[in-house]
Amino acid sequence: MGFARTCSVALVGVEGVVVEVQADLEPGVAAFTLVGLPDKSLTESRDRVRAAVVNSGGEWPQKKLTVGLSPASVPKGGSGFDLAIASAVLGAAERIDPRVLADIVMIGELGLDGRVRPVRGILPAVLAAADAGYEQVVVPECAAAEAALVPGISVLGVRSLRQLIAVLADEPVPEEEPDEAGRPDPLLAGLRMPGTGAATGIQGIGAQHDQEHDLADVVGQRSARTAVEVAAAGGHHLFLEGPPGAGKTMLAERLPAVLPRLDRQESLEVTAVHSVAGLLPSGKPLIDVPPYCAPHHSATMQSLVGGGAGFARPGAVSLAHRGVLFLDETPEFGSHALDALRQPLEAGHVVIARSAGVVRFPARFLMVLAANPCPCGRFSLRDTLCECSPSAVRRYQARLSGPLLDRVDLRVEVDPVGRAELAHRGPGGESTATVADRVRAARERAAARLAGTPWRTNSEVPGRELRNRWHAAAGAMDEAERSLERGTLTARGLDRVLRVAWTVADLVGHDRPGVTDVNLALQLRTGVPRGVPMALGAPT
C-alpha cells in the first residue's frame, strides 16, 4: 500500500481554505476515485492528470487509486487542484518521496501534455497558504510574479510537470522547448478569462491615468470640479445631473487619476479581487492604481453586486474596490439592480448567499451617478426647450429611489457649456496633477486625525463617532440642524454633511469645520445655493 499527501487551496470568494490532497494506492482492479465534494471541472481532473503523468514520462499506477480532498465539507471547484493531485499520486507510487510533498502547497492546472497552466485566484490562494503557516508554494511559471507578492513565502514556478518531478526528485531539470518567436504564449490564456465580467465595463487598469484624461480639458463646470475634488479627498459618493454633452462622463473618467495611488495593503486587496475574476492585466501582477469600472445600463443585478450560477463571481462593485464605480445614464438601470447597491454602500462589502454557501467580497468604492434631468435631457428651470410632460419628468426622476440618493453625499447640477466658454483660448482650469496634490494633502490630514482607528477616509467614519469625538466649530452646524428640523435633511444626511464638511476643512487646511465649510457641504448635499464660493483652488 502506498500513501502520500500534499496541499492545495479552495477559494470561497476571495478567501482561501487550505485543502489536503491525499492519494492512496491499494491492490485491486485499476480504478481512479476522487472524493471530497468536487464539482464537475474538478471531477474531470482524473483524465487530465492521467494523461499529463503519462505524457511527462511517468508510469501510471495500475492499482486501485483513491484521491481524497480534505476537509470534505468544503465545496471544491476549478482545475487548480490538478498539480497537487498528480504530485500526490506520484508520491503514493514512490516516484517522488512522500515526505517532500507534505508541506508544499501546489496550485495549477495540467494540460494533457503535462504543461502547467495558470488559474484564477493565485494571489488569494497563496495569501491563504501563508496565513495557514505554509512556507513553500508551487505555481505555474507565468503566475510566479503574482504569487511572489506575498511576503515570507518561497515560490517555485514550473512550466511543466516534468520540471516539477525533477525538482522534487532532485534530478536534473529538463529544459522546455520555447514557443516560436512572435507567437503568443498559450499558457497566458489562463491569466485572463474572456467574458468574465463582460458587463462590468473594466477599461483596463490604469487606462484612466494617462495624459489623455486631464481635468484641464473640462471647460467651465466650477461646481462639478469642486465636487469631484471633494469626492476624491473624502471618498464621498457623487451624483452629476445635467443635459447630454455637458461633461458628466469627462469628469467621471478623470476622477481615478485624482485619487491617491493605492498603498501595499490596498493593492493586494484589489489584485486579489481581479485575480479571482480573471481580469488581471497581462504582465502586471500588482494593481497599484485605483480601478475604474463603468458597467452598461443593461447590466444585471448579478453583474453589479456579484453572483451568478455555481460559484459566485465578483461583480462591478467588487471590481471597483478602492476605485471608482461610474453608472452613466443611471435611471436606465434596473430598479432592483440599483437598490441592491444600498448594502455595499453602507457596509463596504457585499455578502452573497447561495445554496453552496455564503461568499463575501470587498466593495468599498467611490460611486459616481450620472443622469439627465428628463427623458429628452433638456429640462431646466431657465429655459423651455424640454418637450417632456411633467408626469414624464416625474416618472424619469423617480427611477432613482430616495434611499439610494440619501446615501449619496454630493449632488451637483452640471450646466451646459456655452459658446463663449468653448471659444475661450486662455488658460483652462487646474490640471489633474494640481488637484491630485491637494487631494493627497487632505488625505494625509485625515489619516493623521484618524490614526489608531479602523477608518482611513472621512466617508468611512460612523456618525456617532463624528458627533462624539470630532465636532465642528461652535455654531457651524446650526443651518444644517435647521434643515433637519424642516425635513429637508434626514439624520443620515446630517451625518453626511458633517463628513463632507471635514473633507472641505482638510482641503482648505482648517483644524475643524467652520461655518463656511459646513455651508459648502450643505450646498453640495442639497443643491440649494448658500452663498458660498464653489472654488477650492485657483479660480477658473
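Residues numbered from 1 in each chain as written. Predicted model: local features only at pLDDT ≥ 70, side-chain atom pairs only at ≥ 80, totals over all residues. Heavy atoms only, no water.

A.B. asks: What is the right way to look at the overall build of the protein in this model?
C.D. replies: Summing up its helical and strand segments, the protein has 22 helices and 16 strands in all. Residues classed as buried in the protein amount to 51% of the 540 residues present. Long-range contacts, defined as pairs at least 24 residues apart, comprise 72% of the intrachain contacts of the protein with a sequence gap of at least 6. A total of about 23800 Å² of accessible surface is found on the protein, and carbon and sulfur atoms cover 51% of it. (Helix = DSSP H or I, 4+ residues; strand = E, 2+ residues; numbered from the N terminus. Buried < 20%, exposed > 50% of the residue type's maximum accessible area, 1.4 Å probe, protein only. Contact = heavy atoms within 4.5 Å. Areas by Shrake-Rupley, 256 points an atom, 1.4 Å probe, with all protein chains shown as cover.)

A.B. asks: Honestly, the packing of helix α8 (residues 222–234) against helix α9 (residues 248–258) in this entry has me stumped. Any pointers?
C.D. replies: Packed helices, taken two at a time, are described by the angle their axes make and the gap between the axes. It is at 10 Å that the axes of α8 and α9 come closest, and there the two elements cross at 40°. Once α8 is placed against α9, the crossing between them reads as right-handed. Of the residues in α9, those in contact with Ala-224, Arg-225, Val-228 and Ala-232 of α8 are Leu-251, Leu-255 and Val-258. Considered class by class, the residues forming the contact of α8 with α9 number six nonpolar, no polar and one charged. (Axes fitted to C-alpha atoms, helices over the stretch in contact; angles between N-to-C directions. Left-handed = near helix turned anticlockwise from the far one by under 90°. Nonpolar A, V, L, I, M, F, W, Y, C, P; charged D, E, K, R; others polar.)

A.B. asks: Sorry, what's going on with the pattern of salt bridges here?
C.D. replies: Pairing between side chains becomes possible if they bear opposite charge and their charged atoms approach one another. Applying the stated criterion to the full structure yields 30 salt bridges. As a salt-bridge pair, Arg-525 and Asp-406 come within 2.7 Å of each other at their nearest N and O atoms. Of the two residues, Arg-525 sits in helix α22 (residues 515–526) while Asp-406 sits in the loop between α16 (402–405) and β16 (410–413), which places them 119 residues apart along the sequence. By relative accessible area, Asp-406 is classed as buried at 12%. Within this structure, Glu-346, Asp-406, Arg-407, Asp-409, Arg-492, Arg-496 and Arg-525 form a network of salt bridges that share partners. (Salt bridge = Lys/Arg side-chain N within 4 Å of Asp/Glu carboxyl O.)

A.B. asks: Before we go on, may I ask you to explain the pairing of strand β10 (residues 238–241) in this structure?
C.D. replies: Working note: regular strand, side chains alternate between the two faces of the sheet. Judged from the four bridges that link them, β10 and strand β15 (residues 366–371) form a sheet pairing that is parallel. Note that in β15 the partner of Leu-240 across the bridge is Ala-370. Bridging between β10 and β16 involves four bridges; their strand directions are parallel. Each residue of the ladder has a partner; that of Glu-241, found in β16, is Glu-413. (Pairing = 2+ DSSP bridges.)

A.B. asks: Looking at this structure, how should I read the side chain of Asp-214?
C.D. replies: With respect to the element layout, Asp-214 can be found in the loop between α7 (161–168) and α8. The buried charged residue Asp-214 lacks any salt bridge, with Arg-254 as its nearest oppositely charged partner at 6.4 Å. At 3.1 Å, the side chain of Asp-214 and the backbone nitrogen of Thr-432 are in polar contact. Here Asp-214 is in contact with Arg-254, Ser-431 and Thr-432, once residues within four sequence places are set aside. (Lys, Arg positive; Asp, Glu negative; His and termini not counted. Polar contact = N/O pair within 3.5 Å; in protein donor to acceptor, adjacent residues only side chain to side chain.)

A.B. asks: How should the confidence of the model for the protein be read in this particular structure?
C.D. replies: The predicted model of the protein has a mean per-residue pLDDT of 87, with 89% of residues at 70 or higher. Per-element confidence in the protein is highest for strand β5 (residues 104–106), whose mean pLDDT is 97, and lowest for helix α17 (residues 419–423), whose mean pLDDT is 70. When the criterion is pLDDT under 50, residues 193–200 qualifies, and its contacts beyond four places in sequence or with other chains add up to 15 contacts. Note that pLDDT drops below 50 for residues 204–209; the model gives that stretch 17 contacts with residues more than four away or on any other chain. (pLDDT = per-residue confidence, 0-100.)

A.B. asks: Hey, could you run me through the packing of aromatic side chains in this one?
C.D. replies: Here a ring pair, both rings aromatic, is described through the centre-centre distance and the interplanar angle of the planes. Inspection of every chain in the model, using the stated rule, returns one aromatic pair. Relative to Trp-60, the ring of Phe-32 lies with its centre 5.7 Å away and its plane at 40°, an arrangement referred to as tilted. Of the two residues, Phe-32 sits in strand β3 (residues 31–35) while Trp-60 sits in the loop between α2 (45–55) and β4 (64–70), which places them 28 residues apart along the sequence. The two residues Phe-32 and Trp-60 agree in class, both being buried. (Phe/Tyr/Trp six-rings, centres within 6.5 Å; stacked < 30°, edge-to-face > 60°.)

A.B. asks: Hey, could you run me through helix α18 (residues 432–449) in this one?
C.D. replies: A turn of α-helix holds 3.6 residues, and therefore any two residues three or four places apart point the same way. Over its 18 residues, α18 runs 26 Å from end to end, which matches the ideal 26 Å to within 8%, given 1.5 Å per residue. On its buried side, α18 packs onto α8, α9 and α21 (491–508). (Expected span 1.5 Å × (residues − 1).)

A.B. asks: Just checking my understanding: could you explain the nonpolar core for this structure?
C.D. replies: Nonpolar side chains tend toward joint burial in soluble globular proteins. Core analysis: the largest hydrophobic core is formed by 54 residues, its most contacted members being Leu-238, Leu-240, Val-368, Ala-480 and Leu-524. It is α21 that contributes the most residues to this core, eight residues altogether. Once you skip the residues sitting within four places of it in the chain, Leu-240 turns out to touch Ala-224, Lys-248, Leu-251, Val-368, Leu-369, Ala-370, Ala-371, Val-412 and Val-414. Among the nonpolar cores identified, the runner-up in size contains 37 residues, and Val-19, Phe-81, Leu-90 and Leu-168 belong to it. (Core = buried A, V, L, I, M, F, W, Y, C linked by side-chain atoms within 4.5 Å.)

A.B. asks: Sorry if this is basic, but what is going on with the sheet that holds β15 here?
C.D. replies: Neighbouring strands of a sheet are bound in pairs by backbone hydrogen bonds; such pairs are parallel or else antiparallel. Strand order in this open sheet of five strands is β11-β12-β15-β10-β16, and the pairing throughout is parallel. Of all the strands in the sheet, just β11 (292–293) and β16 have a single pairing partner and so form its edges. Contacting β10, β15 and β16, α8 crosses the sheet at an angle of about 165° to β16. Running at roughly 170° to β15, α9 makes contact with β10, β11, β12 (324–327) and β15 of the sheet.

A.B. asks: What is the right way to look at the environment of Ala-501 in this model?
C.D. replies: If you trace the backbone, Ala-501 turns up in helix α21. A relative accessible area of 0% places Ala-501 in the buried class. Residues Ala-501 and Asp-517, spaced 16 residues apart in sequence, show a C-alpha to C-alpha distance of 5.2 Å. Setting aside residues no more than four positions away along its own chain, Ala-501 makes contact with Pro-513, Asp-517, Val-518 and Ala-521.

A.B. asks: For this particular structure, what's the right way to read unusual backbone geometry?
C.D. replies: Across the chain, the bulk of peptide bonds are trans and the bulk of non-glycine residues have phi less than zero. In this model, Ser-70 is joined to Pro-71 through a cis peptide bond whose omega is 10°. When you line up the elements, Pro-71 lands in the loop between β4 and α3 (82–92). Its identity as a non-glycine residue notwithstanding, Leu-37 has a phi of 65°, on the positive side. With respect to the element layout, Leu-37 can be found in the loop between β3 and α1 (40–43).

A.B. asks: Quick question: what am I supposed to make of the environment of Gly-247 here?
C.D. replies: With respect to the helices and strands, the residue Gly-247 is situated in the loop between β10 and α9. With 26 residues separating them in the primary sequence, Gly-247 and Gln-221 have C-alpha atoms 8.2 Å apart.

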